[in-house]
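As a plain string of letters, each chain reads:
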Number of protein chains: 2
Amino acid sequence: MTARRPTRQRAALTEMLAQIPEFVSAQDLHTRLAAAGSSVGLATVYRNLQALADDGEVDVLRTDTGEALYRACRSATHHHHVVCRVCGRTVEVEGPPGLNTWSQRVSDEHGFREVTHTLEVFGVCATHPVG
Amino acid sequence: MTARRPTRQRAALTEMLAQIPEFVSAQDLHTRLAAAGSSVGLATVYRNLQALADDGEVDVLRTDTGEALYRACRSATHHHHVVCRVCGRTVEVEGPPGLNTWSQRVSDEHGFREVTHTLEVFGVCATHPVG
DNA sequence: TTATGTGCAAAGGGTTTGCACTCCG
DNA sequence: CGGAGTGCAAACCCTTTGCACATAA
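Residues numbered from 1 in each chain as written. Chains lettered and ligands numbered in written order. Predicted model: local features only at pLDDT ≥ 70, side-chain atom pairs only at ≥ 80, totals over all residues. Heavy atoms only, no water.

Mapping chain A onto chain B is achieved by rotating through 179 degrees and translating by 0.0 Å along the same axis, at an RMSD of 1.6 Å. A rotation of that kind, with that shift, is consistent with a two-fold axis. By residue overlap, the copies meet face to face through one surface: 100% of the interface positions of chain A are interface positions in chain B. (Least-squares fit on C-alpha atoms with pLDDT ≥ 70 in both. Contact = heavy atoms within 4.5 Å.)

Take a look at the structure:
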């Protein structure tokens, strides 16, 4: 475990992150910080987000375009998300019953160990008009 | 549905793809094609892979670094993967029962439409010694 | 002929890195 | 003071796009 040193930037970043309910991109976070008057270099945002992710203090999510989204962890328990692909609004949901059992079983069947899984749902939320 | 026209490049690409058991990146595919003497422009590789993905003829997968990996579909039905995080070896598996129903339900409950989902399992396959 | 496909090179977007500077300890 | 942290800009990487040329129908 690396000893992190407290800085204004890190504080601003984690504070901001704590106030944002949805997943946001690094760029987005950078913009919000600037708007809030506590400007932080973009590189620093990336570096800190990465550090926080390494320490398990933020959730990381990849959109289907490969962009990374971050959010301060809400619940400690394992959960999944329904993500709006237009605005990024995210709802936390429980996985389908038997998901863990299933992933364990299919892994066992093929000799895989140290198993994890990712399950995300993408859609368009109600605030957007039907195209 | 767009009518695709048969070309040497497309043929070379799908043929190559059919011979590769694992997921490969577009760049990798481009290199292999060149090595095999049937060079295809990188942009063309990307365009064709995208077209094939749209038509559901190849599986697309995002690594945790955001890179897209492609592989010729083995089975026509919707399926998921168990991916070795050491060597990339992949096994195709059926999703847990009720997955579609579940994703539809949780999306409906929160007003999301045009729903898709991603579910991948990551582990370490049997060919690697226990760490 | 003509719309679709291709190649090249340039542009794009997200992310990382080199380097000098700052600031905590 | 010494080293972790920061800012800036350039570099990177994967991917997309503009445009002129080639090609299947």
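Moving on to the interface of chain A and chain B. With 40 residues of chain A in contact, the opposing surface of chain B contributes 40 residues. Across the interface of chain A and chain B, roughly 3,200 Å² is buried in total on both sides, 61% from carbon and sulfur atoms. Ranking the residues of chain A by area buried against chain B places W102, F112 and R113 of chain A at the top, with a combined share of 23%. For the pair chain A and chain B, the number of links is zero salt bridges. (Buried area = accessible area lost by both parts, 1.4 Å probe. Salt bridge = Lys/Arg side-chain N within 4 Å of Asp/Glu carboxyl O.)

Lining the immediate environment of DNA strand D, one finds 23 residues, of which R5, T7, Q9 and T44 of chain A together with Y46 of chain B sit closest. Within 4 Å of the protein, the atoms of DNA strand D are drawn from sugar and phosphate moieties in a proportion of 60%. For DNA strand D, a sugar or linking oxygen lies 2.8 Å from a polar atom in the side chain of R5 of chain A. Between DNA strand D and the protein, one listed contact pairs a phosphate oxygen with a side-chain N or O atom of Y46 of chain B at 2.7 Å. Listing elements by their share of the surface near DNA strand D, those giving two or more residues are α1 (8-19) and α3 (42-54) of chain A together with α3 (42-54) of chain B. (Near = heavy atom within 4 Å. Polar contact = N/O pair within 3.5 Å; in protein donor to acceptor, adjacent residues only side chain to side chain. Helix = DSSP H or I, 4+ residues; strand = E, 2+ residues; numbered from the N terminus.)

Let us look at the pattern of salt bridges. Following the criterion strictly, the structure yields twelve salt bridges over all chains and no others. In this structure, R32 of chain A and E22 of chain A form a salt bridge, with 3.7 Å as the shortest nitrogen-oxygen distance. Taken together, the residues span a long stretch of sequence, with R32 of chain A in helix α2 (residues 26-35) and E22 of chain A in the loop between α1 and β1 (24-25) at a distance of ten residues. R113 of chain B is the partner of E114 of chain B in a salt bridge, and the nearest nitrogen-oxygen pair spans 3.5 Å. Given the relative accessible area of 47%, E114 of chain B is considered partly exposed. One connected set of salt bridges, linked through shared partners, spans E22, D28 and R32 of chain A. (Buried < 20%, exposed > 50% of the residue type's maximum accessible area, 1.4 Å probe, protein only.)

The next point concerns the domain arrangement of chain A. Each domain of chain A was delimited in the assignment, giving domain 1 (1-74) and domain 2 (75-131). Placing the centre of domain 1 of chain A and that of domain 2 of chain A at their C-alpha centroids yields a distance of 22 Å. (Domains from an automatic or database assignment.)

Next up on the list: the sheet that holds β1 of chain A. An order of β1-β3-β2 (chain A) is seen for the three strands of this open sheet, with the pairing classed as antiparallel. Every interior strand has two partners, whereas the edge strands, β1 and β2 (58-62) of chain A, have only one. (Pairing = 2+ DSSP bridges.)

Moving on, we get to unusual backbone geometry. Backbone geometry at E114 of chain A places phi at a positive 50 degrees, although glycine is not the residue there. Checked against the element boundaries, E114 of chain A lands in strand β6 (residues 113-124).

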